[in-house]
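# Observations on the model geometry
Single-letter residue listing:
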Amino acid sequence: FFSFFPSLFARARWRGLLRLLGEKGAGRRGCSMAGRWEVVRKPGRRGPGGGGSGPAGRKALGEANGGRGLAAPLPLAPSETLYELVFEKTMKKQNKEQVPPPPVQQPQQKKQNQGKSAKKPSVGDLGHKQGQFRSLEDALKALDLSELQKELDKSLSMFPENPSVWVKDLAGYLNYKLQAPRSDPTLSQHPHDYPYCLVNKELRSIIKSLLSKSGGVLELFFDHCIYTMLQELDKTPGESLHGYRICIQAVLLDKPKVATVNLGKYLELLRSYQNRPVKCLTIMWALGQAGFTDLTEGLKGGARIYRKGSSDLLWRGTEKGA
């Protein structure tokens, strides 16, 4: 019995010793692993080479530090401001140097060419564009009466209750179209009824028909023609006055009293232009047309007007001689 138990005890002793050694070894490995994890933080995530460098190591380090709130840096974007300042401006400058800008007057030239191709200028327009006709006779021959009648009909339709606009349009149209060399203010080189004596029957009929519809505004129309003539004399070069002269003669042929109604006003007008002989003679010519139709009306105010005008001119001449 005692010889059997020593072998049994020996076996149990060796088994306990081996178990104890196994537990101690496992504890030591656990402690060493635990200590290594706390220090390195990634013992099992190293690459196969065992080092922490390289793309895999940097990626593992970023994942391990993700809990600390550190965001991965974003890739840098190219600077748009630098691109626009350096590249785009350089390209624009090169394009401007290579491609010259179109001329500014090109659209205007196109419009002029379209206008020329669309409408051929009439004889009157050509004469006016060239400056003046050689004579008043040529200007009257080139006058388009159908166009004049259309303009007058348009004025009557647009202003049916304003006859002063009708007669002003008539005088303005005639004076615009009848551009010929000017004569002296009194027309001394022509007949007394010049320039109305050159007007044909058709134009006279148009003028008389319009004046008969505008009987209440003939005095204002007479004043308008005189004042407009005086304004044209101030322009250099101004338009010729044949259109307004024709209208004045046409009015006084039927209504000579129009020139003598407001003699006081014309006397003041002569006094204001006493230093302007050409204007004084123009006013005196307009007022003197009434005497060729009605001698009584001519003598009624003509003597006073001519006495005032001649005295002013004579006084002006003595001042120049002195």
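All values derive from a computational prediction rather than experimental measurement. (Residues numbered from 1 in each chain as written. Predicted model: local features only at pLDDT ≥ 70, side-chain atom pairs only at ≥ 80, totals over all residues. Heavy atoms only, no water.)

Judged by nonpolar contacts, the single largest core of 58 residues is most densely connected at Leu148, Leu174, Leu203, Phe222, Ile226 and Ile248. Of all elements in the fold, only α6 (136-142), α7 (145-158), α8 (163-177), α9 (201-213), α10 (218-234), α11 (242-254), α12 (263-272) and α13 (277-288) reach the threshold of two or more residues within this core. If you tally residues by element for this core, the top one is α10, at 8 residues. If we skip the residues at most four places from it in the chain, leucine 174 touches Leu143, Leu148, Leu203, Ile207, Gly243 and Cys247. (Core = buried A, V, L, I, M, F, W, Y, C linked by side-chain atoms within 4.5 Å. Buried < 20%, exposed > 50% of the residue type's maximum accessible area, 1.4 Å probe, protein only. Helix = DSSP H or I, 4+ residues; strand = E, 2+ residues; numbered from the N terminus. Contact = heavy atoms within 4.5 Å.)

Topologically, arginine 245 is positioned in helix α11. Aside from chain neighbours lying at most four places away, what touches arginine 245 is Asp184, Pro185, Leu187, Pro195, Met229 and Trp285.

A few words on the side chain of serine 214. The topology assignment puts serine 214 in the loop between α9 and α10. Only 3.1 Å separates the side chain of serine 214 from the backbone oxygen of leucine 210, close enough to count as a polar contact. Not counting the four nearest positions on each side in its chain, serine 214 is found in contact with Pro163, Trp166 and Val167. (Polar contact = N/O pair within 3.5 Å; in protein donor to acceptor, adjacent residues only side chain to side chain.)

Here we take up α9. With 13 residues, α9 ought to run about 18 Å at 1.5 Å a step, and its terminal C-alpha atoms sit 19 Å apart, in line with that. Every buried residue belonging to α9 is among Leu203, Ile206, Ile207, Leu210 and Leu211, and all of these are buried. The arc that holds every buried residue of α9, seen down its axis, measures 125 degrees, which confines them to one face. Along α9, the residues that are exposed and aim more than 90 degrees away from the buried face are Lys201, Glu202 and Ser212. Packed against the buried residues of α9 are α6, α7, α8, α10 and α11. (Expected span 1.5 Å × (residues − 1). Arc of directions from axis to C-beta.)

Now for α12. For α12, the set of buried residues is Leu263, Tyr266, Leu267, Leu269 and Leu270. Seen along its axis, α12 keeps its buried residues to an arc of 160 degrees; they face one direction.

As a further point, take the pattern of salt bridges. Throughout the structure, instances matching the rule amount to 5 salt bridges. In this structure, the salt-bridge partner of aspartate 223 is lysine 265, at a minimum N-O distance of 2.5 Å. Placement of aspartate 223 in helix α10 and of lysine 265 in helix α12 is noted, with a sequence separation of 42 residues between them. Given a relative accessible area of 32%, lysine 265 falls into the partly exposed group. Lysine 279 is the partner of aspartate 234 in a salt bridge, and the nearest nitrogen-oxygen pair spans 2.7 Å. With a gap of 45 residues between them, aspartate 234 in helix α10 and lysine 279 in helix α13 connect regions that are remote in the sequence. Residue aspartate 234 is classed as partly exposed on the basis of its relative accessible area, which comes to 44%. By relative accessible area, which is 2% here, lysine 279 ends up buried. One continuous salt-bridge network, built from bridges that share partners, spans Asp234, Arg276 and Lys279. (Salt bridge = Lys/Arg side-chain N within 4 Å of Asp/Glu carboxyl O.)

To continue, consider the packing of α8 against α10. Taken N-terminus to C-terminus, the directions of α8 and α10 make an angle of 30 degrees; their axes are 10 Å apart at the nearest point. Accordingly, the angle class assigned to the pair α8 and α10 is roughly parallel. Both α8 and α10 take part in a crossing whose hand is right-handed. Taking contact as the criterion, the partners of Val167, Lys168 and Ala171 in α8 are, on α10, Phe221, His224 and Cys225. Residue classes in the contact of α8 with α10 are distributed as 4 nonpolar, 1 polar and 1 charged. (Axes fitted to C-alpha atoms, helices over the stretch in contact; angles between N-to-C directions. Parallel < 35°, antiparallel > 145°, perpendicular 65-115°, else oblique. Left-handed = near helix turned anticlockwise from the far one by under 90°. Nonpolar A, V, L, I, M, F, W, Y, C, P; charged D, E, K, R; others polar.)

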